[in-house]
There are 2 protein chains.
Amino acid sequence: MASLRSALLPFARVSLRTRHAQLPSLPPSLGLMRGYKSRGPARDPMTGEMIALPDIDPSLLKLEPTSSPKIRPPSSTLIFGRTFTDHMLTIRWSSNSGWQAPVIGPYRPLELDPSSTVLHYAFTAFEGMKAYRNEDGTVRLFRPDMNMARLNRSAARAALPTFDPKALETLIKKLVMLDSEWIPNEPGYSLYIRPTLIGTQNALGVGPNSDALLFVICSPVGPYYASGYKPVQLLATKKYVRAWPGGTGSHKLGVNYGPGIVPQSEAAKEGYSQNLWLFGEDDALTEVGTMNLFVAFKKPDGGVELATPPLGDLVLPGVTRDSVLALARGHIKGEKIPGLPDNLTVTERKVVMGELEEAEKNGTLSEVFGTGTAAVISVVDRIGYNGRDITIPTGPRGLGPIAESLLSRVTDIQTGKIEHEWSIVANDVRL
Amino acid sequence: MASLRSALLPFARVSLRTRHAQLPSLPPSLGLMRGYKSRGPARDPMTGEMIALPDIDPSLLKLEPTSSPKIRPPSSTLIFGRTFTDHMLTIRWSSNSGWQAPVIGPYRPLELDPSSTVLHYAFTAFEGMKAYRNEDGTVRLFRPDMNMARLNRSAARAALPTFDPKALETLIKKLVMLDSEWIPNEPGYSLYIRPTLIGTQNALGVGPNSDALLFVICSPVGPYYASGYKPVQLLATKKYVRAWPGGTGSHKLGVNYGPGIVPQSEAAKEGYSQNLWLFGEDDALTEVGTMNLFVAFKKPDGGVELATPPLGDLVLPGVTRDSVLALARGHIKGEKIPGLPDNLTVTERKVVMGELEEAEKNGTLSEVFGTGTAAVISVVDRIGYNGRDITIPTGPRGLGPIAESLLSRVTDIQTGKIEHEWSIVANDVRL
């Protein structure tokens, strides 16, 4: 068995146990479950023992370059997520056959049966990551291992198949290098990469997916702050709740995004850019729009506390969030970052709206900002709450010293200006 | 203006205000919102006033019958939601042009750009309804107005376009009549109808959809209880929470379904068919799997209380739930249903697990069942809770007197055996 397993599972970093956890044999069940046929993994015909299915295998890649490359638009005309490169990566999966040979081919429409489960039951997990072109011409990804790990966690929560993270990272490098001319040369520009995993079973029964499709598309994007830093305004929202204990808020699933648009539109009508998502009777801060949240408080001893809500069911484990925390903690330990206060403390703790009101009154509310892949850091200067606005100083440049220092350090690492283990060179991949 | 509006909006039952509420002009915003271009409704070039966009118009229907009808499988081989009829209805919408001409054409794959918003942010709302063939050959829909109204509510919550409910109902009748030979003749069989509304904007910015697609597919299905009534077993779930105040649990959105599969699989591993969804510290019952929930308690005065959790953010307003409530209340008012207790009370109220435990002990736990379109009524005989099982009597026929009476009455109305205003004949529609 061992040799058969290893033959079938050359990149098997996902344990059999994990894989099996997503493919239980379900008995006939209520409602739409009727008639759902369990399609568990293959079993050994002699022993009945479960056999591991093939994982993603980059050596099987079918490279089908486009015969009609698109004309690349001028960088200055780019709108986020509207322009896509020449190629896309697709990898099909089925519960009978596992992951099939990856294909990098022309960017083109997907053909989906109208009964595909993603269209009905929202079986979709995705990632957002970026590739940067360094001045020396190298192409770099930022902490792709974090995205691969998170996509696997999301997949497991959505009853979608998991995969070897290194294998997908390798294939994304190949895609990015094939389309590397699409990464704009101008400073601040990058290539936004969108890995997406969807359920493609052609059946209306609500159950684990027998079929799935992993695809990766790429979009050249401009700098978030094309014309200087512009602070945003938030409406602290009590009517709608983004996430709750026992829900899916800590996974990067489509289900966490669609329901946020109506609340966002309502905030917009009141003159705010985005929602500040609260939770619980004491109005704890959780996230802002589609970003993680940081608050800086001045402390009585002259120091500064940089606080962010703790991970758990209410908060997405953001890559930028993790990076900001690590850099700030490194600063405290001696890997100094210019501009950050000497007397800094970093906390992951519950922050409630009452604290912000109190700190505004006392003059100790120093900075508020969101973190995410698109903007890296997005500064907040006003929060609508209980009928009045809490104002946060942002200084003459539109962002406070902590936001500015961390934004600068993160982008220097992303673009390779500062060498760091987080910045992964993609050029060494073989096409 | 009035004449222009009425010319453009021949079926305008959706108010301008409702429509506008979904198409706000959003300022540039955080995170993925960057670069989102608001595509609000058209404006009058002279006055700048908003012009109503075309609603769904059945008179514009393009009928494109298939040239290669499929071979219909024997009814006995049907599995829920796996076989689809020859045709489908599709209607495209854009924020610039409104609803376009409906098309009934061959069932075939949808071509979706990989950036389509439904694949990333779960912009999908759907309905489940059925068409029945009466013994006299008429084809009947069951309360389609309820489904149309709910789909409009779901659409509004998901930032998708709303529509004239009567227009879509008419088009669904046309589709069903065109494919009416697909409704099996055998008793208990029906045609499951799945209207689905998805966001099809080709952009990764998270915002209101500039494009959407409404499609309707049909699947012949067998009786839920093909071989006698089989009670199901539930695991009362505290680890996962289906819905939350301020969430989307009361809307028929895809986002409420995908996240339920892993909890269901975990219940299956412990020998239960489905989850009983609880909420709050007192473990209030909300829903069961993808169905609404009813509990019957014997009362000290010899009467019976039929209780169901009240509507609100935690419970989907089910069509079968509403029908069961109305029939039971009608019985109390004098429209007697054979088999229902004379001394019946009907309540929409909070029911907590402690009550079920107490009632089991006292011998007053009479019946527990789920209601939904697929099974109509699905009887529960065991609920796993806090490490032990609560058992519910189901009698020799596998379902108690209330479940049996209501199931019989609802199906008699659905199939036209009992004439009722809920049963809508589809045959009068012109193709």
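What you see is a predicted model, and the numbers here were worked out from it, not measured in a lab.

Q: How should I be thinking about the relation of the copies chain A and chain B in this particular structure?
A: When chain A is fitted to chain B, the best match, at an RMSD of 0.0 Å, comes from turning it 180° and sliding it 0.0 Å along the axis. Classification of the inter-copy transformation places it as that of a two-fold axis. Counting the interface residues of chain A, we find that 99% of their copies in chain B are interface residues as well, pointing to one common contact surface.

Q: Would you mind going over the packing of helix 7 (residues 319-333) of chain B against helix 9 (residues 401-414) of chain B with me for this structure?
A: When two helices pack together, their arrangement is given by the angle between the helix axes and the distance between those axes. Residues and elements named next belong to chain B. Between helix 7 and helix 9, the shortest axis-to-axis distance is 11 Å and the interhelical angle comes to 110°. Here helix 9 runs roughly perpendicular to helix 7, going by the angle between their axes. In this structure, helix 7 contributes Val324, Leu327 and Ala328 to the contact, and helix 9 contributes Leu406, Arg409, Val410 and Ile413. Residues belonging to the contact of helix 7 with helix 9 are distributed by class as follows: six nonpolar, no polar and one charged.

Q: Whenever I open this one, helix 7 of chain B confuses me. Can you help?
A: Since the α-helix packs 3.6 residues into each turn, any two residues three or four apart lie on the same face. The terminal C-alpha atoms of helix 7 of chain B lie 21 Å apart, and with 15 residues this matches the ideal 21 Å at 1.5 Å per residue to within 8%. Taken from the residues just after helix 7 of chain B, glycine 334 of chain B is the one with a positive phi, measuring 125°.

Q: Got a minute to help me understand the confidence of the model for chain A in this structure?
A: Regions with low pLDDT carry predicted coordinates that are not meant to be interpreted in detail. Residue and element names in this part refer to chain A. When pLDDT is averaged across chain A, the result is 89; 87% of the residues are at 70 or more. Here residues 1-40 is modelled with pLDDT under 50, and outside its nearest four sequence neighbours on either side it reaches 115 contacts, counting other chains as well. Scoring the predicted complex yields pTM 0.90 and, for the interface, ipTM 0.90.

Q: What exactly am I supposed to notice about the packing of aromatic side chains here?
A: Ring pairs (aromatic) are described by centroid distance and by the angle formed between their planes. Taken as a whole, this structure holds 20 aromatic pairs over all chains when the rule is applied. Ring centres of tyrosine 121 of chain A and phenylalanine 123 of chain A lie 6.5 Å apart, and the angle between their planes is 85°; on these two criteria the pair is classed as edge-to-face. There is no split in this pair, since tyrosine 121 of chain A and phenylalanine 123 of chain A are both buried. The interplanar angle of 85° and the centroid separation of 5.4 Å between the aromatic rings of tyrosine 121 of chain A and phenylalanine 126 of chain B together place this pair among those described as edge-to-face. Of the two residues, tyrosine 121 of chain A sits in helix 3 (residues 117-121) while phenylalanine 126 of chain B sits in strand 6 (residues 124-126), which places them in two different chains.

Q: Please clarify how the pairing of strand 11 (residues 232-237) of chain A should be interpreted in this entry.
A: A regular strand places its side chains on the two faces of the sheet in alternate fashion. All names here are of chain A. In terms of burial, strand 11 is a largely internal element, six of the six residues being buried. The two faces of strand 11 match: Val232, Leu234 and Ala236 on one face and Gln233, Leu235 and Thr237 on the other face are all buried. Pairing geometry for strand 11 and strand 18 (residues 376-385), over four bridges, is parallel. Counterpart to glutamine 233 in the pairing with strand 18 is arginine 382.

Q: Looking at this model, I keep getting lost on the UniProt feature "modified residue: N6-(pyridoxal phosphate)lysine" (unreviewed entry) in chain A. Mind explaining?
A: Residue and element names in this part refer to chain A. In this structure's numbering, the residues bearing the UniProt feature "modified residue: N6-(pyridoxal phosphate)lysine" (unreviewed entry) are Lys252. Overall, lysine 252 belongs to the buried group, its relative accessible area being 8%. Discounting residues that sit within four places of it in the chain, lysine 252 has contacts with Ala125, Phe126, Glu127, Gly128, Arg150, Ser154, Tyr257 and Leu316.

Q: Looking at this model, I keep getting lost on the interface of chain A and chain B. Mind explaining?
A: Where the parts come together, the accessible area they lose is often given as the size of the interface. In this complex, chain A contributes 90 residues to the contact, which on the side of chain B involves 91 residues. When the two sides are added together, the surface that chain A and chain B hide from each other amounts to roughly 7500 Å², 64% of it contributed by carbon and sulfur. Applying the counting criterion to the chain A and chain B interface returns zero salt bridges. The tally of links from chain A across to chain B stands at 21 residue pairs in polar contact (both at pLDDT 80 or more). Here the side of chain A that touches chain B gets seven residues from one element, more than from any other, and that element is helix 6 (residues 261-269) of chain A. For the side of chain A that touches chain B, the residue count by class is 55 nonpolar, 24 polar and 11 charged. Pairing analysis gives three bridges linking strand 5 (residues 110-112) of chain A to strand 5 (residues 110-112) of chain B, with the strands arranged antiparallel. Across the sheet, leucine 112 of chain A pairs through a bridge with leucine 110 of chain B, a residue of strand 5 of chain B.

Q: Got a minute to help me understand the packing of helix 4 (residues 144-157) of chain B against helix 5 (residues 165-178) of chain B in this structure?
A: Residue and element names in this part refer to chain B. Relative to each other, helix 4 and helix 5 sit at 125°, their axes nearing to 9 Å. Between helix 4 and helix 5, the interaxial angle falls into the category oblique. The interaxial crossing formed by helix 4 with helix 5 has right-handed handedness. Within the contact between the two elements, helix 4 uses Pro144, Asp145, Met148, Leu151 and Asn152 and helix 5 uses Pro165, Leu168, Glu169 and Ile172. The residue inventory of the contact of helix 4 with helix 5, partitioned by class, reads six nonpolar, one polar and two charged.

Q: I'm lost on the domain arrangement of chain A in this one. Help?
A: Residues and elements named next belong to chain A. When its domains are assigned, chain A resolves into domain 1 (9-221) and domain 2 (232-414). In this complex, domain 1 contributes 21 residues to the contact, which on the side of domain 2 involves 20 residues. Roughly 1800 Å² is buried in total at the junction of domain 1 and domain 2, and carbon and sulfur atoms are behind 63% of that figure. If you look at where domain 1 meets domain 2, you find one salt bridge. The partner of arginine 143 in a salt bridge is aspartate 322, with the nearest N and O atoms 2.9 Å apart. Sorting the residues of the side of domain 1 that touches domain 2 by element identifies strand 6 (124-126), strand 7 (129-133), strand 8 (139-142) and helix 4 (144-157) as the ones contributing at least two each. Tallying contributions element by element places helix 4 first for the side of domain 1 that touches domain 2, with six residues. Considered class by class, the residues forming the side of domain 1 that touches domain 2 number 10 nonpolar, four polar and seven charged.

Q: Could you clarify how one ought to interpret the pattern of salt bridges in this entry?
A: Oppositely charged side chains are able to pair whenever their charged atoms sit close together. Taken as a whole, this structure holds 33 salt bridges over all chains when the rule is applied. Close ionic contact of arginine 140 of chain B with glutamate 419 of chain B constitutes a salt bridge, the shortest N to O distance being 2.8 Å. Here glutamate 419 of chain B lies in the loop between helix 9 and strand 20 (423-425) and arginine 140 of chain B lies in strand 8 (residues 139-142), a separation of 279 residues in the sequence. For arginine 140 of chain B, a relative accessible area of 3% puts it in the buried group. Looking at glutamate 419 of chain B, the relative accessible area reads 59%, which means it is exposed. Residue glutamate 287 of chain B pairs with arginine 242 of chain B through a salt bridge whose shortest N-O separation is 2.9 Å. Taken as a pair, glutamate 287 of chain B in strand 13 (residues 284-288) and arginine 242 of chain B in the loop between strand 11 (232-237) and helix 6 (261-269) lie far apart in primary sequence, 45 residues in all. The same class applies to glutamate 287 of chain B as to arginine 242 of chain B, namely buried. One network of salt bridges, in which partners are shared, links Glu305, Arg349 and Glu355 of chain A.

Q: Mind showing me how you'd approach the pairing of strand 4 (residues 103-106) of chain B here?
A: Residue and element names in this part refer to chain B. Pairing analysis gives two bridges linking strand 1 (residues 62-63) to strand 4, with the strands arranged parallel. Counterpart to leucine 63 in the pairing with strand 4 is isoleucine 104. In this structure, strand 2 (residues 87-94) lies alongside strand 4, joined through four bridges in antiparallel fashion. Its bridge partner lying in strand 4, histidine 87 is registered against proline 106.

Q: I keep staring at the side chain of asparagine 147 of chain A and nothing clicks. Help me out?
A: Residues and elements named next belong to chain A. Of note, asparagine 147 is situated in helix 4. Owing to a relative accessible area of 2%, asparagine 147 belongs among the buried residues under this scheme. Once residues lying within four places of it in the same chain are set aside, the contact partners of asparagine 147 are Glu127, Gly128, Met129, Phe142 and Val319.

Definitions and cut-offs
Residues numbered from 1 in each chain as written. Chains lettered and ligands numbered in written order. Predicted model: local features only at pLDDT ≥ 70, side-chain atom pairs only at ≥ 80, totals over all residues. Heavy atoms only, no water. Least-squares fit on C-alpha atoms with pLDDT ≥ 70 in both. Contact = heavy atoms within 4.5 Å. Axes fitted to C-alpha atoms, helices over the stretch in contact; angles between N-to-C directions. Helix = DSSP H or I, 4+ residues; strand = E, 2+ residues; numbered from the N terminus. Parallel < 35°, antiparallel > 145°, perpendicular 65-115°, else oblique. Nonpolar A, V, L, I, M, F, W, Y, C, P; charged D, E, K, R; others polar. Expected span 1.5 Å × (residues − 1). pLDDT = per-residue confidence, 0-100. Phe/Tyr/Trp six-rings, centres within 6.5 Å; stacked < 30°, edge-to-face > 60°. Buried < 20%, exposed > 50% of the residue type's maximum accessible area, 1.4 Å probe, protein only. Pairing = 2+ DSSP bridges. UniProt positions renumbered as here; feature names shortened; annotations may be inferred. Buried area = accessible area lost by both parts, 1.4 Å probe. Salt bridge = Lys/Arg side-chain N within 4 Å of Asp/Glu carboxyl O. Polar contact = N/O pair within 3.5 Å; in protein donor to acceptor, adjacent residues only side chain to side chain. Left-handed = near helix turned anticlockwise from the far one by under 90°. Domains from an automatic or database assignment.

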